[in-house]
Amino acid sequence: MATDGVLSGLRVLDFGRYIAGPQCAAMLGDLGAEVIRVERPAGAEDRALIPLSDRADDGALFLQMNRNKRGMTLNARTPAGREVLGRLVQSADVVVANLPDPALRRLGLDYGSLAQIRPDIVLTTVTAFGEEGPWSDRPGFDGVGQVMSGAAYLSGSGEEPTKSYVLWVDLATAAFCAFATLAALREREQSGRGQHVRGSLLGTALAAANSTLMEEAVLGTGRVRSGNRAQVAGPADIYATLDGWIIVQVVGDAMFRRWAGLVGHPELADDSRFSTDQLRGDHRDELAEIMQPWSAAQTSDEALDALAAAGIPSGPVLSPAQALTHPQVLAGQWLAPIDRDAGITPPVVGLPVTMPHGKRTTAWRAPKLGEHTNQILGELGYEPAAIAQFREKGAI
């Protein structure tokens, strides 16, 4: 399984679980790094999330986050497993693990232990709440970051706050960590030093919500949820059409003037109630009363075509089934079917960035449990008899 891409020749060990860590490693693999997913012999607990078949390892999240990887099993708590771990680390450039510090130390994956084996190693870790503070050792998932950043409080309608169904905190954390890992590797080229890159779900969520937090800190606005209706510009909302729903997002004076002409009320552009984005956000209900009848009189395609001609950002609200077949989605070729050898070919999205001179040209399916253990150990210099003994001892 040779790799290509700008990171060809780089070896990454992925001890991650669930999303942020494995996705970070997968992004490095998208750019050509050799990534080895290391799991306990019984298999990682994230293999079956969102199952696509009756197989134990066909979870959609696992297939997405572990593309472009080889897979091996290892019990690093056994003496033989520690020996293998040492040789693995010696061969690696980057170790990725989304585990709290105590768990890293128990497994010998803390930076101090790794640096003793390879001084220039880059360790990238992800925790829920960061390395400092009273909650630093608590577990957490994507939703925890959403609700503690203020994002869920301002989402939804009525009395109930609403978190996003999609896992944006996890995925953004993975991207931040991949970015910082590349920076650490660049610094290593110059200084010869390794380092510990740390990411957190809460830190990522706070970064995404930063403008709202700044507004609250400076002005004390005390905003509350308003459904899909934006509070700092307008009209910006989801509107019903004859055959579905569309989102329309008007921001800026020039765009508002074009929108006013499009819906047949050009006088609104000179109305003092709507003279700034914030005022338009303050009067969002009045603008919705004008926009909704306009969209309700047309099909989604008719409304979207008219909005596009006026240079106004808009799009259809698609179900997952519709998203899979939308012409623009298909034209972008983001969804690449990958054969899973189980009668299914799930569409996997790799690095959603066009980079023709640096992106891997092919994608591999996620590894089956322990699929490449023997191959990887052989590359590390272990003979078949030694590998067999490792199995007998429960090290792999």
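No experiment lies behind these values; they were computed from the predicted model shown.

Student: Please set out the overall build of the protein residue by residue, giving values where relevant.
Tutor: Per the secondary structure count, the protein includes 17 helices and eleven strands. In terms of overall dimensions, the protein has C-alpha extents of about 85 × 50 × 40 Å along its principal axes. Expressed as a percentage of the 396 residues in the protein, the buried residues total 44%. For the protein, the proportion of contacts with a sequence separation of at least 24, taken over those separated by at least 6, is 69%. Accessible surface, the protein as shown: approximately 19400 Å² in total, 57% of it carbon and sulfur. Distance between charge centroids for the protein: 8 Å, based on 36 positive and 46 negative side chains.

Student: Describe in detail helix 13 (residues 300-309), supporting the description with residues and values.
Tutor: All of the buried residues in helix 13 are S300, A303, L304 and L307. All buried residues of helix 13 project into a common sector of 95 degrees when viewed along the axis, lining one side. Pointing more than 90 degrees away from the buried face of helix 13 are the exposed residues D301, D305 and A309. Buried-residue contacts for helix 13 involve strand 8 (245-249), helix 10 (253-262), helix 12 (284-296) and strand 9 (314-316). After helix 13 finishes, the residue G311 shows a positive phi value of roughly 75 degrees.

Student: Hey, could you go over the sheet that holds strand 3 (residues 69-73) for me, with residue numbers and the actual values?
Tutor: Read from one edge to the other, the open sheet built from six strands follows the order 3-2-1-4-5-6, with strand pairing classed as parallel. Pairing within the sheet leaves two strands with one partner each, and these edge strands are strand 3 and strand 6 (195-200). For this sheet, the mean inter-axis angle between neighbouring strands, taken without regard to orientation, is 20 degrees. The pairing of strand 5 (residues 122-127) with strand 6 spans six bridges and is classified as parallel. Paired with T125 across the two strands is R198, which belongs to strand 6.

Student: Tell me about the packing of helix 10 against helix 12, residues and numbers included.
Tutor: Where helix 10 contacts helix 12, the two axes come as close as 11 Å, and the packing angle between them is 50 degrees. For the element pair helix 10 / helix 12, the angle class is oblique. Where helix 10 crosses over helix 12, the two elements pack in a sense that is left-handed. Here F256, W259 and L262 of helix 10 come into contact with helix 12, specifically with L287, I290, M291 and W294.

Student: An account of the sheet that holds strand 9 is requested, with residue identities and associated values reported.
Tutor: Read across the open sheet, the three strands follow the order 7-8-9; overall the sheet is antiparallel. Of all strands in the sheet, those with a lone pairing partner are strand 7 (236-240) and strand 9, marking the two edges. Sheet twist, expressed as the average angle between the axes of neighbouring strands with direction ignored, equals 20 degrees. Bridge count between strand 7 and strand 8: five bridges; the pairing is antiparallel. Residue pairing in the sheet places D237 in a bridge with V248 of strand 8.

Student: Help me get a handle on the side chain of D170, residues and values and all.
Tutor: Mapped onto the elements, D170 comes out in helix 7 (residues 168-191). No salt bridge forms around the buried D170; measuring N to O, its nearest opposite-charge neighbour K163 is 9.1 Å away. Filtering out sequence-adjacent residues up to four positions away, D170 remains in contact with I19, A20, D142 and L201.

Student: Residues and numbers for the nonpolar core, please.
Tutor: Core analysis: the largest hydrophobic core is formed by 31 residues, its most contacted members being M72, L88 and L377. For this core, the secondary structure elements donating two or more residues are strand 2 (34-39), helix 3 (79-90), strand 4 (94-97), helix 4 (101-107), helix 16 (373-379) and helix 17 (384-392). The element best represented in this core is helix 3, accounting for five residues. Residues in contact with M72, not counting those within four places in the same chain, are I36, R37, V38, E39, V84, L88, G370, T373, I376 and L377.

Student: Got a sec to walk through the packing of aromatic side chains? Specific residues and values, please.
Tutor: A complete count under the given rule lists five aromatic pairs for this structure. Joined through ring pairs, the aromatic side chains of F256, W259 and F274 make up one cluster. R87 extends its terminal NZ or CZ atom over the ring of Y382, reaching a point 4.0 Å from the ring centre.

Student: Tell me about the pattern of salt bridges, residues and numbers included.
Tutor: Counting across every chain of the model gives 24 salt bridges. A salt bridge links D46 to R37; the shortest N-O distance between them is 2.9 Å. Judged by relative accessible area, D46 falls into the buried class, the value being 2%. In this structure, D277 and R280 form a salt bridge, with 2.9 Å as the shortest nitrogen-oxygen distance. Remark: R280 and D277 occur in helix 11 (residues 277-282); sequence separation between them is three residues, near one turn of the helix. For D277, a relative accessible area of 23% corresponds to the partly exposed category. The exposure class of R280 is buried, given its relative accessible area of 1%. In this structure, a network of salt bridges that share partners links the residues R11, E34, R70 and E379.

Conventions adopted
- Residue numbers run consecutively from 1 along every chain, following the written order of its sequence.
- Side-chain atom pairs in this predicted model are given and counted only at pLDDT of 80 or more, local residue features only at pLDDT of at least 70, and totals for whole chains, interfaces and linings cover all residues.
- Neither water nor hydrogens contribute to the side-chain values; these are computed over all heavy atoms in the structure.
- A helix here means a DSSP run of H or I that spans at least four residues, while a strand means a run of E at least two residues long, and both kinds are numbered starting from the N terminus.
- A 1.4 Å probe rolled over the protein chains alone gives each residue an accessible area, and that area as a share of the maximum for its type sets the label: buried under 20%, exposed over 50%, partly exposed in between.
- Whether two residues touch is decided by their heavy atoms; if any such pair falls within 4.5 Å, the residues are in contact.
- What sets the accessible areas is the Shrake-Rupley method with a 1.4 Å probe; for residues, cover comes only from the shown protein chains.
- Charged-residue counts in this description rest on Lys and Arg as positive and Asp and Glu as negative, His and the chain ends being excluded.
- Think of each charge as sitting on NZ of Lys, CZ of Arg, CG of Asp or CD of Glu.
- What the arc measures is the spread of directions leading from the helix axis to the C-beta atoms.
- Here, a strand pair is defined by DSSP locating no fewer than two bridges between the strands.
- To define axes, lines are fitted to C-alpha atoms, for helices over the stretch in contact only, and angles between the resulting N-to-C directions are given on a 0 to 180 degree scale.
- Angle categories: roughly parallel below 35 degrees, roughly antiparallel above 145, roughly perpendicular from 65 to 115, and oblique for all the rest.
- By definition, any crossing whose near helix is turned counterclockwise from its far helix by less than a right angle is left-handed, and any crossing with a clockwise turn is right-handed.
- By convention in these notes, a salt bridge is any Lys or Arg side-chain nitrogen within 4 Å of a carboxyl oxygen on Asp or Glu.
- Remark: nonpolar core denotes a set of buried residues (Ala, Val, Leu, Ile, Met, Phe, Trp, Tyr, Cys) joined through side-chain atoms within 4.5 Å.
- Only centres within 6.5 Å qualify two rings of Phe, Tyr or Trp (six-membered ring in Trp) as a pair; their planes then separate them into stacked at under 30 degrees, edge-to-face at over 60, and tilted for everything else.
- We call a charge positioned above a ring when the Lys NZ or Arg CZ atom is no farther than 6 Å from the ring centre and deviates by at most 35 degrees from the ring normal.

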